[in-house]
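What follows is each chain in one-letter form.
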Amino acid sequence: MPSNNFSDIKISGSVTVVPKVKRSIEEDIELYGGNYKQVERLKRTLGFNQRRIAPREVTALDLCESASQSLFKKLDLSPIDINGIIFITQTPDHSQPSNASLIHGRLGFSKQCAAFDVGLGCSGFVYGLWLAFSLIANGSSSKILLLAGDTLSRLVNPKDRSLAPLFGDAGSATLIEKEQGGRTSWFRLGSDGTGASDLIVPAGGSRNPISKKTEEEFTDNEGNVRSLQNLFMNGSEVFNFSIEVVPREIQELLKYAKCEKSEVDYFVLHQANRYMVQNIGKRLGCDLKRFPIASFGVFGNISSASIPGAMAFELGENFSTKAKKRLVLSGFGVGLSWGSCLVDLSEIRCLEYVEYNPINI
Amino acid sequence: MEIKNFIDHFEYALDGLESGTIDGSTNFKDLKEWDSLAILTVTDTIDIEYGILLRKSEIEAFETIEQLFNFIQSKL
């Protein structure tokens, strides 16, 4: 189990971009056979409400490009200053080249810059931070642009009521850089590939290429419609995995960092759904006020962008002060994989979300 | 542990199921409230109350509330 800590590296800013188009679960009432009570139950129990949907021509690359431009402007930086680009996505524009290469070409980065993708979802932001911190710590880079974004709304079948109302689209850009100053960050990561089939798009890769057969829709035991090209989630297994692994991992992380739960200002968990986040909070025995979850009902589950999205949506304004802000970030999902870190975001220069607007860039 | 407590927890987990709706002989999979969300909340409740994390297939292997209760009892 990799556990690391890093000193003299900071997160300087983060911008999350969400599409303008909102879709609410009420618009999906036909999925529940017109049963308004069922929709109310999902809203009350899981926190379902609205999600953001990218137009057909907009990809995670576009959302992250827009987030990068906004971040550069806020931090008064130029792409030339960056010497590492890490792009976390499960929905790249192409199987090759990588999204990192594409954005490198679009925004005019220096050629002295490593650029690569990492194929992770809900755990990906923390993995990306860990990689960025590692590359800075080993001297490979001094400023890293971490991009994390997905358009999962395209991968779910609109007739799959277990997933269609859950996922939204978003892209984020975060700057990690070297500093003199003594703050330390702690990480813990892990994987369980035996659960790989619990969150999977069965077709469309090399193992099972797209064909007439993979396009065929079928109805599963629970009445959900999808094809092999759509995302499948074994909800009960993923739930069990999350409540078993995440509270334990966060406790181990804090033990490793010699930090008391009471010393953490916020626990920003992957915004899987409200029930999951609050459940993990209760299991940790913490005040739920320190577990942001409001962004889930506005953006939906936005996969790799959900941690920066939640920080920006709920904590953005609190960070204008110079107060010390110790945060636990924890992502968990496809792989199965998980990662948690304890970071200090005091004096972060920019933490915000904006709506995607290609005209104003 | 008494089956009455277990039934109370089960009814609570099924969100809005009125107290007294079910008893030990109820086939819980026949309840109209039994769906994927119910499986999740029941799994969670059993784990929190009794410290046993069951899989969906383990829960659904039983027919009645009493059978599920006896299984949990045997694991305590």
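Basis of the calculations
Residues numbered from 1 in each chain as written. Chains lettered and ligands numbered in written order. Predicted model: local features only at pLDDT ≥ 70, side-chain atom pairs only at ≥ 80, totals over all residues. Helix = DSSP H or I, 4+ residues; strand = E, 2+ residues; numbered from the N terminus. Rg over C-alpha atoms; globule rule 2.2 N^0.38 Å. Contact = placed C-beta atoms within 7 Å. Nonpolar A, V, L, I, M, F, W, Y, C, P; charged D, E, K, R; others polar. Pairing = 2+ DSSP bridges. Axes fitted to C-alpha atoms, helices over the stretch in contact; angles between N-to-C directions. Core = buried A, V, L, I, M, F, W, Y, C linked by C-beta atoms within 7 Å. Buried ≥ 20, exposed ≤ 12 C-beta atoms within 10 Å, placed from the backbone. pLDDT = per-residue confidence, 0-100. Expected span 1.5 Å × (residues − 1).

### Focus: the overall build of chain A
From N to C terminus, chain A includes 9 helices and 17 strands. The C-alpha atoms of chain A give 19 Å as radius of gyration, which agrees with the globular expectation for 361 residues (21 Å, within 12%). Considering only C-alpha atoms, chain A reaches an extent of 60 × 45 × 40 Å along its principal axes. Contacts in chain A between residues at least 24 apart in sequence constitute 78% of all its contacts with a sequence separation of at least 6.

### Comments concerning the overall build of chain B
If you tally the helices and strands in chain B, you get 4 helices and 0 strands. Going from N to C terminus, chain B has its helices and strands arranged as α-α-α-α. Expected size for 76 residues packed as a compact globule is a radius of gyration near 11 Å; at 11 Å, chain B falls within 12% of this value. With the principal axes as the frame, chain B shows a C-alpha extent of 30 × 25 × 20 Å. Residue pairs at least 24 apart in sequence account for 55% of intrachain contacts in chain B once pairs closer than 6 positions are excluded.

### Notes on the interface of chain A and chain B
Counting residues at the interface gives 11 residues for chain A, matched by 11 residues for chain B. Among the secondary structure elements, those contributing two or more residues to the side of chain A that touches chain B are α1 (36-46) and α6 (235-256) of chain A. Looking at the side of chain A that touches chain B residue by residue, the class counts come to 2 nonpolar, 6 polar and 3 charged.

### So, the environment of A:Leu269
Mapped onto the elements, A:Leu269 comes out in strand β14 (residues 266-269). In this structure the C-alpha to C-alpha distance between A:Leu269 and A:Phe296, which are 27 residues apart in sequence, comes to 11 Å.

### Re the sheet that holds strand β15 (residues 326-333) of chain A
Paired through their backbone hydrogen bonds, the strands of a sheet run either parallel or antiparallel. Residue and element names in this part refer to chain A. Strand order in this open sheet of 5 strands is β1-β9-β16-β15-β14, and the pairing throughout is mixed. At either margin of the open sheet sits one strand with a lone partner, and together these are β1 (3-7) and β14. Strand-to-strand twist of the sheet, defined as the mean angle between neighbouring strand axes without regard to direction, takes the value 15°. Two strands pair when backbone bridges link them, and strand β9 (residues 184-191) and strand β16 (residues 337-344) are joined in this way by 6 bridges, in the antiparallel orientation. Directly across from Trp-186, in β16, lies its bridge partner Leu-342.

### Regarding the nonpolar core
Residues and elements named next belong to chain A. Among the nonpolar cores identified, the biggest contains 109 residues, and Ile-85, Leu-147 and Ile-176 are the most heavily contacted of them. Excluding its chain neighbours within four sequence positions, the residues that come into contact with Ile-85 are Ala-100, Ile-103, His-104, Phe-109, Cys-113, Ala-115, Leu-145 and Leu-147. By size, the runner-up hydrophobic cluster in this structure holds 10 residues, among which are Leu-31, Ala-164, Leu-166 and Phe-232.

### Details of the confidence of the model for chain B
Averaged over all residues, the pLDDT of chain B equals 86, while 97% of them reach at least 70. Here the predicted complex scores 0.92 on pTM and 0.79 on ipTM.

### Focus on helix α2 (residues 60-75) of chain A
Residue and element names in this part refer to chain A. For α2, with 16 residues, the first-to-last C-alpha span of 22 Å sits near the 22 Å given by 1.5 Å per residue. Of all 16 residues in α2, 12 are buried; the element is thus mostly enclosed. What α2 keeps buried is the set Ala-60, Leu-61, Asp-62, Leu-63, Cys-64, Glu-65, Ser-66, Ala-67, Ser-68, Ser-70, Leu-71 and Phe-72. Lining the buried residues of α2 we find β2 (9-18), β5 (84-88), α3 (99-107), β7 (143-151), β8 (169-178) and β17 (350-355).

### Some words on unusual backbone geometry
Peptide bonds are mostly trans, and most non-glycine residues show a negative phi. All names here are of chain A. Residue Pro-97 is bonded to the preceding Gln-96 through a cis peptide linkage, with omega at 0°. Here Pro-97 is to be found in the loop between β5 and α3. The omega angle of the peptide bond from Gly-335 to Leu-336 is -5°, so this bond is cis rather than trans. Tracing the chain through its elements places Leu-336 in the loop between β15 and β16. Of note in this structure, Asp-76 is not a glycine but carries a positive phi near 55°. Tracing the backbone through its elements, the reader meets Asp-76 in the loop between α2 and β5. For Asp-76, a count of 8 C-beta atoms within 10 Å translates into the label exposed. The phi angle at Lys-258 is positive, at roughly 50°, despite the residue not being glycine. Residue classification places Lys-258 among the exposed positions, given that 8 C-beta atoms sit within 10 Å.

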